[in-house]
Amino acid sequence: MKKDQSKIIREQVDRSALREHSTPLYLTSSFIFDSAEQGRAVFAGEEDAMIYSRYANPNTSEFINKVCIMEGAEAGLSFASGMAAVFASFAAIIESGDHIVSSRAIFGSTHQLFTELFPRWGVTTTYVDAANPEEWEKAIQPNTKIIFLESPSNPGLELVDLEWLGKFKEKYPNIILSIDNCFATPYLQKPIQYGFDLVIHSATKYMDGQGRVLGGIVVGKQELIDKLMFFIRHTGPALSPFNAWIISKSLDTLGIRMDRHCSNALALAQALENHPEIEDVKYPFLPSHPQYELAKKQMKAGGGIVTLVVKGGFERAKAFVDQLEMILYTSNLGDSRSIATHPASTTHSKLSEDERLNLGIQPGSIRLSVGLEDQEDIINDILQALEKTK
């Protein structure tokens with residue numbers, strides 16, 4: 001029995017008559033039928049075949065199959081972006097009058113779905129402190145349809161006990177348990193083994209790994225993926241074959257890259273933890289992280305994100321990122337190149353200050369997506385920017 005890494009590398013669409021070694025790009029909008037009868041049978045669901053690239057394409061299918069192998073999922077669907085995947089995972093399932101329970105520490109755009117868009121449809125959301133089991137219990141209502149969380153969270157790196165939540169959900173078999181697993185990747189964390197029904201990824205991040213393309217994916221139980229398939233078939237958030245081809249190729253090296261991301265991130269967190277110009281450093285595999293033991297229990301390593309708080313607040317944080325020489329300032333993450341982001345003025349700027357503080361985002365918070373460069377160069381760039389802004 002091959003191990004997952006071997007399966008992922010060897011997963012490939014069927015070769016054509018040309019016997020190509022590497023999967024080709026299938027840049028086609030549609031697929032032909034051999035006869036009118038075959039066309040009828042395919043549309044009737046009697047024969048399994050490609051129809052239209054908005055529904056499926058060999059490149060997207062290969063990408064999906066690889067992620068299903070990594071996550072241990074029954075089925076999956078790809079999307080044009082991570083947020084398209086997040087949105088579809090709700091929109092395909094919820095109905096007016098439904099209720100969502102979510103961990104409080106989530107991505108800003110997901111928060112906007114819960115607070116601005118879904119209420120228009122008559123769907124309400126209750127936020128809970130993810131580390132407090134009593135809050136999860138109190139939040140459940142008769143109309144609760146979905147429990148949703150991120151772990152680790154963006155950007156506060158708060159964890160949720162996946163095993164506990166999976167057992168908690170057993171008391172509510174009709175509730176769907178869904179997680180954004182983007183920060184951990186399936187290489188470091190596999191929520192389905194704890195009983196999760198849906199797992200979501202922004203493939204734009206570590207799955208691509210080089211900041212080139214957008215993409216998203218949802219994997220999980222077949223019956224739920226079927227519901228999502230109806231949704232995407234009639235709404236069109238399709239991933240392009242080119243982007244799928246890029247991401248699928250990148251998945252072959254995900255494990256190797258994550259090992260380097262994690263070792264670099266841990267070294268950086270250790271170097272900064274006691275720095276006099278830093279108020280706080282968060283990294284799941286630092287012993288000082290409040291959920292360090294939980295991180296070791298459910299993650300293979302700590303991931304590639306380090307979140308720190310610089311002394312001096314909002315203005316010092318802005319000055320700090322302006323002084324970085326090698327590390328890039330952008331809102332993306334999961335790149336081979338190290339990236340700094342100031343959440344309060346960018347990714348989470350649409351939230352109120354109180355909302356940001358509830359997510360652990362201070363005015364001086366900096367999210368560092370630690371890349372694949374030499375550890376010494378990454379650390380030195382941070383140190384020189386701190387020194388220049390003392």
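Residues numbered from 1 in each chain as written. Predicted model: local features only at pLDDT ≥ 70, side-chain atom pairs only at ≥ 80, totals over all residues. Heavy atoms only, no water.

Our focus in this paragraph is the pattern of salt bridges. Where charged atoms from two side chains of opposite charge come close, those side chains can pair. All told, the structure shown has 19 salt bridges when counted by the stated rule. Here Glu163 ties to Lys167 by a salt bridge, and the two come within 3.5 Å at their closest N and O atoms. Within this pair, Glu163 and its partner Lys167 are both found in helix 7 (residues 162–169), separated by 4 residues, close to a single helical turn. For Asp197, the salt bridge goes to Lys221, with nearest N and O atoms at 2.9 Å. Remark: Lys221 occurs in the loop between strand 7 (216–220) and helix 9 (222–235) and Asp197 occurs in the loop between helix 8 (185–188) and strand 6 (198–202); sequence separation between them is 24 residues. With relative accessibility at 34%, the residue Lys221 sits in the partly exposed group. When salt bridges that share partners are traced, they join Asp161, Glu163, Lys167 and Lys297 into one network. (Salt bridge = Lys/Arg side-chain N within 4 Å of Asp/Glu carboxyl O. Helix = DSSP H or I, 4+ residues; strand = E, 2+ residues; numbered from the N terminus. Buried < 20%, exposed > 50% of the residue type's maximum accessible area, 1.4 Å probe, protein only.)

What follows concerns the nonpolar core. Grouped together as the largest cluster of nonpolar side chains are 78 residues, with contacts concentrated most on Phe63, Trp136, Ile147, Leu149, Leu165, Ile366 and Ile382. When residues in this core are grouped by element, the largest group, 7 residues, is from helix 11 (residues 254–272). In this structure Ile147 touches Val101, Trp136, Ile140, Leu165, Phe168, Ile175, Ile176, Leu177 and Ser178, once residues within four positions along its chain are discounted. Leu77, Ala91, Ile100 and Leu224 belong to the second-largest nonpolar core, a separate cluster that totals 29 residues. (Core = buried A, V, L, I, M, F, W, Y, C linked by side-chain atoms within 4.5 Å. Contact = heavy atoms within 4.5 Å.)

A few words now on the environment of Asp197. Relative accessible area serves as the criterion here: at 3%, Asp197 is assigned to the buried category. The spatial distance from the C-alpha of Asp197 to the C-alpha of Leu177 is 5.2 Å, given a sequence separation of 20 residues. In contact with Asp197, other than residues within four places in its own chain, are Lys169, Ile175, Ile176, Leu177, Val219, Gly220, Lys221 and Leu224. A polar atom in the side chain of Asp197 sits 3.2 Å from the side chain of Lys169. Among the polar contacts made by the side chain of Asp197, one reaches the main-chain amide nitrogen of Leu177 at a distance of 2.8 Å. (Polar contact = N/O pair within 3.5 Å; in protein donor to acceptor, adjacent residues only side chain to side chain.)

The next point concerns the pairing of strand 12 (residues 365–369). Most of strand 12 is tucked away: 5 of the 5 residues are buried. Across the two faces of strand 12 the burial is the same, with Ser365, Arg367 and Ser369 and Ile366 and Leu368 all buried.

Among the structural elements, Ile200 can be located in strand 6. The residues touching Ile200, leaving out its near neighbours within four places in the chain, are Ala85, Val86, Ser89, Phe148, Ser178, Ile179, Asp180, Asn181, Cys182, Ile217 and Val218.

Remark: helix 3 (residues 58–71) packs on helix 10 (residues 241–251), axes separated minimally by 8 Å, with the N-to-C direction vectors making an angle of 35°. The handedness of the crossing between helix 3 and helix 10 is left-handed. Across the interface between the two elements, Asn59, Thr60, Glu62, Phe63, Lys66, Val67 and Met70 from helix 3 touch Pro241, Ala244, Trp245, Ile247, Ser248, Lys249 and Leu251 from helix 10. For the contact of helix 3 with helix 10, a count of residues per class yields 8 nonpolar, 3 polar and 3 charged. (Axes fitted to C-alpha atoms, helices over the stretch in contact; angles between N-to-C directions. Left-handed = near helix turned anticlockwise from the far one by under 90°. Nonpolar A, V, L, I, M, F, W, Y, C, P; charged D, E, K, R; others polar.)

On to the pairing of strand 1 (residues 75–79), then. Burial analysis of strand 1 places 5 of its 5 residues in the buried class, the great majority of the element. The two faces of strand 1 match: Ala75, Leu77 and Phe79 on one face and Gly76 and Ser78 on the other face are all buried. The sheet contact formed by strand 1 and strand 7 spans 5 bridges and is antiparallel. Note that in strand 7 the partner of Leu77 across the bridge is Val218. (Pairing = 2+ DSSP bridges.)

Glancing now at the packing of aromatic side chains. Scanning the entire structure with this criterion turns up 15 aromatic pairs. Ring geometry for Phe33 and Phe43: centres 6.1 Å apart, planes at 65°, overall edge-to-face. Here Phe33, found in the loop between helix 1 (4–10) and helix 2 (36–43), pairs with Phe43, found in helix 2; they are 10 residues apart in sequence, far enough to count as distant. Relative to Phe114, the ring of Phe90 lies with its centre 5.2 Å away and its plane at 85°, an arrangement referred to as edge-to-face. Of this pair, Phe90 sits in helix 4 (residues 82–91) while Phe114 sits in helix 5 (residues 108–117), placing them 24 residues apart in sequence. Using a relative accessible area of 2% as the deciding quantity, one classes Phe114 as buried. Taken together, the ring pairs in this structure connect Phe87, Phe90, Phe114, Phe118, Trp121, Tyr127, Phe148 and Phe231 into an aromatic cluster. The ring of Tyr55 has Arg233 sitting right over it, with the charged end atom 4.2 Å from the ring centre. (Phe/Tyr/Trp six-rings, centres within 6.5 Å; stacked < 30°, edge-to-face > 60°. Lys NZ or Arg CZ within 6 Å of the ring centre and 35° of its normal.)

Attention shifts here to the sheet that holds strand 10 (residues 328–329). Sheet architecture is open: 5 strands sit in the order 8-9-12-11-10, paired in mixed fashion. Both outer strands of the open sheet, strand 8 (278–282) and strand 10, are each paired with one neighbouring strand and no more. As judged from the 4 bridges shared by strand 8 and strand 9 (residues 305–310), these two strands associate in the antiparallel manner. The partner of Asp280 across the bridge, within strand 9, is Val309.

Attention now moves to the domain arrangement of the protein. Quite often, the size of an interface is put as the accessible area lost when its parts meet. Taken domain by domain, the protein consists of domain 1 (4–250) and domain 2 (254–388). For domain 1 versus domain 2, the distance between C-alpha centres works out to 27 Å. In this assembly, domain 1 packs against domain 2 so that about 3,300 Å² is buried in total across both faces, 59% of it on carbon and sulfur atoms. Sorting the residues of domain 1 by area buried against domain 2 places Tyr187, Leu188 and Tyr206 first, and these three jointly supply 25% of that buried surface. Our enumeration of links across domain 1 and domain 2 arrives at 2 salt bridges. Lys297 is paired through a salt bridge with Asp161; the nearest N and O atoms lie 3.5 Å apart. The interface formed by domain 1 and domain 2 includes 19 residue pairs in polar contact (both at pLDDT 80 or more). (Domains from an automatic or database assignment. Buried area = accessible area lost by both parts, 1.4 Å probe.)

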